[in-house]
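Reading the structure
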Amino acid sequence: MILMVLLACSATRTDSAMDSASEEGADTAPFVDTLDPDQLHILTVGSPTPGDGGHPVAELSTDLQRRWSVDFDNADGAAGAVRDASGGTTYVRASLPPLCHSALERVGPDGALIWSQNAFFAGNLSFAHGLVQTPAGDYIIIDTILSRVFSVSEAGEVLWDLSFGHEQVRLPNGLDLQTDAEGVTRVVVTELGNTVTKDPDRIEVYRLGGRTDVPTVEWTFVGGSGTEDRLWPHGPRFLDDGSVMVNYAARGQIAHFNGGVEDWRVPETPGILAFPRDTLVLPDGTWLVADAAEEVLRVQDPMGIFRIVGAAYVPGVFGLRALECGAGGGLPCLGG
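Criteria and thresholds
Residues numbered from 1 in each chain as written. Predicted model: local features only at pLDDT ≥ 70, side-chain atom pairs only at ≥ 80, totals over all residues. Heavy atoms only, no water. Helix = DSSP H or I, 4+ residues; strand = E, 2+ residues; numbered from the N terminus. Buried < 20%, exposed > 50% of the residue type's maximum accessible area, 1.4 Å probe, protein only. Areas by Shrake-Rupley, 256 points an atom, 1.4 Å probe, with all protein chains shown as cover. Pairing = 2+ DSSP bridges. Phe/Tyr/Trp six-rings, centres within 6.5 Å; stacked < 30°, edge-to-face > 60°. pLDDT = per-residue confidence, 0-100. Contact = heavy atoms within 4.5 Å. Salt bridge = Lys/Arg side-chain N within 4 Å of Asp/Glu carboxyl O. Axes fitted to C-alpha atoms, helices over the stretch in contact; angles between N-to-C directions. Disulfide = S-S within 2.5 Å. Polar contact = N/O pair within 3.5 Å; in protein donor to acceptor, adjacent residues only side chain to side chain.

1. Here we look at the overall build of the chain
- Helices and strands together make up the secondary structure of the chain, namely two helices and 24 strands.
- Residue burial in the chain is summarised as follows: out of 336 residues, 55% are buried.
- By element, 50% of the accessible surface of the chain is carried by carbon and sulfur atoms, the whole surface being about 13,900 Å².

This is the structure we're talking about:
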């Protein structure tokens, strides 16, 4: 299982996404950015290699300039972060295998540690791989090694635990949360299977009940079980209409689901992206893609030419989260 986790977290960039897209985008007009770079910020999380200049938690403007970051005192990474109204940032911190220990932590706007909790993890046998916050203020966390999704309160009390068991090898590796207009909250989870045991990849949407109720599954997508059929789904993302986008890291593509049915993939021809792990839709219709644990890419016309018009080197990048800055319901953005 540890080998599977290592494979899920590592990728080698063999060519530049900018070079891959240059021929296709050569005849298009120059890209004009209409976004105020500090109206929206992006929290990035990842596991940079020590000494390469990366940051486990960082904040970028939409023009992909770093505004703020947090560094740890060892080689740990982060795999999910949320911002609160005070400007604090809560994240899950994880050591890569074979160390395998995790913690839920919060830092203030100055990056100073406020608190750290890890009693709800299984000591040195845990690998936090995702974090979201519910409307009630609780945290939902993925632990890949123990094949579980669970919820904890601000005080560190485990509220519910959804364990996938040991009959099948299922490694949850990403999640997102959405509350609809009727107040129903759902989470979507991506799960890696195991080629050796021929357990397939899965994508599942769960409906949350009360704070202590284990979520109930609403739909499941099951991929193929053969080596050639692997999708390596990462970074599920709810869209405004309740549909879901998922990154197929093994295919270099991004797929879209309605009610458990895949209805499109882009780019149509693989090769532009190397190993996508998260995708964020910006207000102007462009996308940001965390690719190959190395870059954050800005994509123009993702449903058409899929032209890459910007890139930032973000070593170890795993996930992205949008922060609407300022007044009017926004959250504090830092470093702007």
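2. Observations concerning the pairing of strand β20 (residues 276–281)
- Most of β20 sits out of view: five of its six residues are buried.
- Bridge analysis of β20 against strand β21 (residues 287–291) gives five bridges, and the strand direction is antiparallel. Counted as the bridge partner of Val-281 is Trp-287 from β21.
- As consecutive antiparallel partners, β20 and β21 are separated by five residues, and within that stretch Gly-285 has a phi angle of approximately 90°, a positive value.

3. Notes on the packing of aromatic side chains
- The tally for this structure, following the rule as stated, stands at eight aromatic pairs.
- Summarising the aromatic geometry, the rings of Phe-120 and Phe-121 are spaced 5.2 Å apart at their centres and angled 50° between planes, so their arrangement reads as tilted. By the burial criterion, Phe-120 is buried, and Phe-121 matches it.
- With centroids separated by 6.0 Å and ring planes inclined at 20°, the aromatic side chains of Trp-219 and Phe-257 adopt a geometry described as stacked.

4. As for the confidence of the model for the chain
- With 90% of its residues at a pLDDT of at least 70, the chain reaches an overall mean of 89.
- In this model residues 1–26 is a low-confidence stretch, pLDDT under 50, and it forms 53 contacts with partners more than four residues away in sequence or in other chains.

5. Some remarks on the pattern of salt bridges
- For the structure on display, the rule yields 20 salt bridges.
- Arg-83 is the salt-bridge partner of Glu-59, the closest N and O atoms lying 2.8 Å from each other. You can see Glu-59 sitting in strand β2 (residues 57–61) and its partner Arg-83 sitting in strand β4 (residues 77–83), a full 24 residues away along the chain. For the pair Glu-59 and Arg-83, a shared accessibility class is recorded, and that class is buried.
- For Arg-170, the salt bridge is made with Glu-204, and the minimal N-O distance between the two is 2.8 Å.

6. Regarding the environment of Gly-209
- Within the element layout of this structure, Gly-209 appears in the loop between β14 (202–207) and β15 (216–222).
- Sequence separation between Gly-209 and Arg-186 is 23 residues, and the spatial gap between their C-alpha atoms is 9.1 Å.

7. Concerning the sheet that holds strand β16 (residues 233–238)
- Across the sheet, which stays open at both edges, the four strands sit in the order β16-β17-β18-β19 with antiparallel pairing between neighbours. Both outer strands of the open sheet, β16 and β19 (261–266), are each paired with one neighbouring strand and no more. This sheet shows a mean twist of 25° between the axes of neighbouring strands, independent of strand direction.
- Strand direction decides the pairing type here: strand β18 (residues 253–258) and β19, joined by five bridges, are antiparallel. Directly across from Ile-254, in β19, lies its bridge partner Val-266.

8. Digging into the sheet that holds β20
- If you trace the four strands from one edge of the open sheet to the other, you get β20-β21-β22-β23, paired in antiparallel fashion. Every interior strand has two partners, whereas the edge strands, β20 and β23 (307–313), have only one. Mean inter-strand twist for the sheet, computed between neighbouring axes without regard to direction, equals 20°.

9. Regarding the state of the cysteines
- All told, the structure shown has one disulfide when counted by the stated rule.
- At a sulfur-sulfur separation of 2.0 Å, the disulfide partner of Cys-325 is Cys-333. The sign of the -85° torsion about the S-S bond sets the Cys-325-Cys-333 disulfide as left-handed.

10. Some remarks on the side chain of Ser-102
- As for its placement among the helices and strands, Ser-102 is situated in strand β6 (residues 102–107).
- For Ser-102, a relative accessible area of 4% gives the class buried.
- A polar contact is formed between the side chain of Ser-102 and the backbone nitrogen of Ala-128, at a distance of 2.9 Å.
- Once residues within four sequence positions are removed from consideration, Ser-102 is found in contact with Arg-93, Ala-94, Asn-118, Phe-121, Ser-126, Phe-127 and Ala-128.

11. Overview of the environment of Phe-257
- Note on placement: Phe-257 falls in strand β18.
- As for Phe-257 and Val-244, which are separated by 13 residues in sequence, their C-alpha atoms are 5.1 Å apart.
- With sequence-adjacent residues up to four places away left out, Phe-257 is seen in contact with Ile-203, Trp-219, Phe-221, Ser-243, Val-244, Val-246, Tyr-248, Glu-262 and Asp-263.

12. Observations concerning the side chain of Asn-247
- The residue Asn-247 is located in strand β17 (residues 244–248) in this model.
- Judged by relative accessible area, Asn-247 falls into the buried class, the value being 0%.
- Polar contacts involving the side chain of Asn-247 include one to the side chain of Thr-279, which spans 2.6 Å.
- Filtering out sequence-adjacent residues up to four positions away, Asn-247 remains in contact with Trp-232, Pro-233, His-234, Gly-235, Gln-253, Ile-254, Pro-276, Arg-277, Asp-278 and Thr-279.

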